[in-house]
Amino acid sequence: MDAILLQILNGLDKGSAYALIALGLTLIFGTLGVVNFAHGALFMIGAFCAVTLQKLLSLSTVMIDETKTDFLGNPSKVKTPYVESWFGPEIGSAIIDWSVPLAILFAIPIMIAIGFIMERGLIKHFYKRPHADQILVTFGLAIVLQEIIKHYFGANPIPTPAPDAFRGSLDFGVLLGFEPNAIIYPYWRLVYFLFSALIITAVFAFLQFTTFGMVVRAGMADRETVGLLGINIDKRFTVMFGIAAAVAGLAGVMYTPINSPNYHMGMDFLVLSFVVVVVGGMGSLPGAVAAGFLLGVLESFASMNEVKSLLPGIDQIIIYLVAIIILLVRPRGLMGRKGVMED
C-alpha cells in the first residue's frame, strides 16, 4: 500500500506540470483555434525568468570587512550581494533564498507581455490558415526561442534551488499511519502540486464567475453570435492568450527546483502535453487537467522496477499507448466536445 501511495505522489508533480501546460494549450485552442507548438517554449521562458532573477539578486559588490584581515593585516575585501548591502545581511540573504517564489511576481508581467507580442505580432496572421501552417510557424518560433535561451544561458542545466525552508523531505507515511520512512517525499514537490491546484482553481474560477470569463466561454461556444452583440471578442481572446502564457510561465518558474532549467526543457514537455490535450479532449479545459494528472500518475507507476522488469521500456511509451487506446475508443478524447477531432 505504501508503494502505491508513493507512486501516486511521484506522479502528481509531473502530472501538475502536464496539467498546467495542457490547460494553457487548451485555452489557446479553445478561444483562438490555434495549435500552438510554441507553448512549451513559454514554459521554458518561465523557468529562465526564475534563473534570471536569481542571477540578478546574486549580483555582488566588493566591500571592506573591517572585522577580517588578509595576511598583510589589511582589512579584507569581500563580495557582498547588493540586496544584502541595501537591506542588511538577514533580509538580503532571505530575499536571495526565496528567489524562486519571488520570481512569480517577476515572471507574470514578462509572460503576459510575451503572450501579447506573440499573438499580435505573429499568430493572429494564421487564424484562418490550416492547422498544419499553425504548427509549422509556432514550432519554428519555439526553436528560435530555444536557441536564444541557449545563446544567453548556455547548454548546461542551471541549478535553481528551492528556499531552505522547503529543502529536504517529509515523512508522509507517518501522517497516514505507516511506519517511519515508509513514504518519504520532497517538500518542494508537495508545494508544486498545491501551487498547481491553486492556479488551476483560479483559472476555472475566473472563467466561471467573472463577466469577462463568461463572455470568453460564450465566445468559445459561438464566436460569431457574441461578435454580433457588439462585444470585441478578439480583444478578449488576446487577453486569454496572455493569461495562457502566464500559466505556462508560472508552471516553469515553480518547476525549476525539481528539474534544473535547460534550453530544451520546453520541447521535452511540449509533445507530452499535446498528447495530454488530445487525450483529455481538444478544447476541453476539465479534460486537459484530468488527463494531465492521470497520465502523470500512470507514467509514475510505469517507472517502477517491478513493472519495467515485466514490460521493458513501458515507462517510455505508456503515455502514447494510453493515448492510442483512448482515441481508438473515443476519438474526441475523454471530455472532448462533439465534432472536435472527429469526422
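In the block above lies the structure referred to throughout.
Residues numbered from 1 in each chain as written. Predicted model: local features only at pLDDT ≥ 70, side-chain atom pairs only at ≥ 80, totals over all residues. Heavy atoms only, no water.

Structural notes on the overall build of the protein
Point 1. What the protein contains, in helices and strands, is 15 helices and four strands.
Point 2. Principal-axis analysis of the C-alpha atoms gives the protein an extent of 85 × 55 × 35 Å.
Point 3. Going through the 343 residues of the protein one by one, you find that 46% of them count as buried.
Point 4. Nonlocal contacts in the protein, meaning residues at least 24 apart in sequence, comprise 71% of its contacts between residues at least 6 apart.
Point 5. Surface exposure of the protein reaches about 16,900 Å², of which carbon and sulfur atoms provide 67%.
Point 6. Positive and negative side-chain charges of the protein, numbering 21 and 23 respectively, have mean locations separated by a distance of 11 Å. (Helix = DSSP H or I, 4+ residues; strand = E, 2+ residues; numbered from the N terminus. Buried < 20%, exposed > 50% of the residue type's maximum accessible area, 1.4 Å probe, protein only. Contact = heavy atoms within 4.5 Å. Areas by Shrake-Rupley, 256 points an atom, 1.4 Å probe, with all protein chains shown as cover. Lys, Arg positive; Asp, Glu negative; His and termini not counted. Charge placed at Lys NZ, Arg CZ, Asp CG, Glu CD.)

Describing the packing of aromatic side chains
Point 1. All told, the structure shown has 13 aromatic pairs when counted by the stated rule.
Point 2. On the basis of an interplanar angle of 70 degrees and a centroid distance of 6.2 Å, the ring pair of phenylalanine 37 and phenylalanine 139 is categorised as edge-to-face. Here the residue phenylalanine 37 occupies a position in the loop between α1 (2-32) and α2 (39-57), and phenylalanine 139 occupies one in helix α6 (residues 131-153), the gap between them amounting to 102 residues.
Point 3. For phenylalanine 37, a relative accessible area of 18% puts it in the buried group.
Point 4. Put simply, the rings of Tyr18, Phe43, Tyr192, Tyr255 and Phe269 touch in pairs and so form one group of aromatic residues. (Phe/Tyr/Trp six-rings, centres within 6.5 Å; stacked < 30°, edge-to-face > 60°.)

Remarks on the nonpolar core
Point 1. In this structure, Phe43, Met44, Tyr192 and Met254 are the most contacted members of the largest nonpolar core, which totals 101 residues.
Point 2. Among all residues touching methionine 44, those that are not within four sequence positions of it are Leu145, Gln146, Ile149, Asn262, Tyr263, Met265 and Gly266. (Core = buried A, V, L, I, M, F, W, Y, C linked by side-chain atoms within 4.5 Å.)

What to know about the packing of α2 against helix α12 (residues 265-280)
Point 1. Axis separation between α2 and α12 bottoms out at 7 Å; the angle between their running directions is 140 degrees. Between α2 and α12, the crossing angle belongs to the class labelled oblique. Like other packed secondary-structure pairs, α2 and α12 cross with a definite hand, here right-handed. Contact residues: α2 offers His39, Gly40, Ala41, Phe43, Met44 and Ala47, while α12 offers Met265, Gly266, Phe269 and Leu270.
Point 2. For the contact of α2 with α12, the class distribution of residues is seven nonpolar, three polar and no charged. (Axes fitted to C-alpha atoms, helices over the stretch in contact; angles between N-to-C directions. Parallel < 35°, antiparallel > 145°, perpendicular 65-115°, else oblique. Left-handed = near helix turned anticlockwise from the far one by under 90°. Nonpolar A, V, L, I, M, F, W, Y, C, P; charged D, E, K, R; others polar.)

Some details on the environment of isoleucine 319
Point 1. By the element assignment, isoleucine 319 lies in helix α15 (residues 314-329).
Point 2. The class for isoleucine 319 is buried, based on a relative accessible area of 3%.
Point 3. Residue contacts for isoleucine 319: discarding those within four places in its chain leaves Tyr18, Leu272, Val275, Leu295 and Glu299.

Some remarks on the pattern of salt bridges
Point 1. This model, assessed by the stated rule, comprises four salt bridges.
Point 2. Here glutamate 119 makes a salt bridge to arginine 120, at a shortest N to O gap of 2.6 Å.
Point 3. We classify arginine 120 as partly exposed; its relative accessible area is 39%.
Point 4. For aspartate 164, the salt bridge goes to arginine 167, with nearest N and O atoms at 3.0 Å.
Point 5. Aspartate 164 sits in the partly exposed class, given a relative accessible area of 49%. (Salt bridge = Lys/Arg side-chain N within 4 Å of Asp/Glu carboxyl O.)

A closer look at a nonpolar patch on the surface
Point 1. Taken together, the side chains of Leu56, Leu59, Tyr82, Trp86, Phe87 and Ile91 present a nonpolar region at the surface, about 660 Å² in accessible area.
Point 2. Top contributing element to the nonpolar patch by residue count: helix α3 (residues 82-87), with three residues.
Point 3. For leucine 56, the position within the fold is in helix α2. (Patch = residues over 30% accessible without salt bridge, like charges linked within 9 Å, V, L, I, M, F, W, Y side chains within 5 Å.)

Some words on the environment of proline 161
Point 1. Position of proline 161 relative to the elements: it lies in the loop between α6 and β3 (169-171).
Point 2. We classify proline 161 as partly exposed; its relative accessible area is 38%.
Point 3. For the pair proline 161 and isoleucine 317, spaced 156 residues apart in the sequence, the C-alpha separation amounts to 30 Å.
Point 4. Setting aside its immediate chain neighbours within four residues, proline 161 contacts Gln54, Val100, Arg167 and Pro257.

Here's the deal with the environment of glycine 242
Point 1. Checked against the element boundaries, glycine 242 lands in helix α11 (residues 233-255).
Point 2. The class of glycine 242 is buried, set by a relative accessible area of 1%.
Point 3. Along the sequence, glycine 242 and proline 161 sit 81 residues apart, while their C-alpha atoms lie 28 Å from each other.
Point 4. Ignoring any residue separated from it by four or fewer positions in sequence, one finds glycine 242 in contact with Met111, Ile112, Gly115 and Phe116.

Focus: the side chain of serine 196
Point 1. Mapped onto the secondary structure, serine 196 falls in helix α8 (residues 187-209).
Point 2. When neighbours within four sequence positions are excluded, serine 196 is seen to be in contact with Ser16 and Leu20.

Quick word on the packing of helix α5 (residues 99-121) against α11
When two helices pack together, you describe them by how their axes are tilted relative to each other and by the distance separating the axes.
Point 1. Following both chains from N to C, one finds α5 and α11 inclined at 145 degrees, their axes separated by 7 Å at the closest point. The handedness of the crossing between α5 and α11 is right-handed. Touching Val100, Ala103, Ile104, Ala107, Ile108, Met111, Ile112, Gly115, Phe116, Met118, Glu119 and Arg120 of α5 are Thr238, Val239, Phe241, Gly242, Ala245, Ala246, Gly249, Leu250, Val253 and Met254, all from α11.
Point 2. For the contact of α5 with α11, a count of residues per class yields 16 nonpolar, four polar and two charged.

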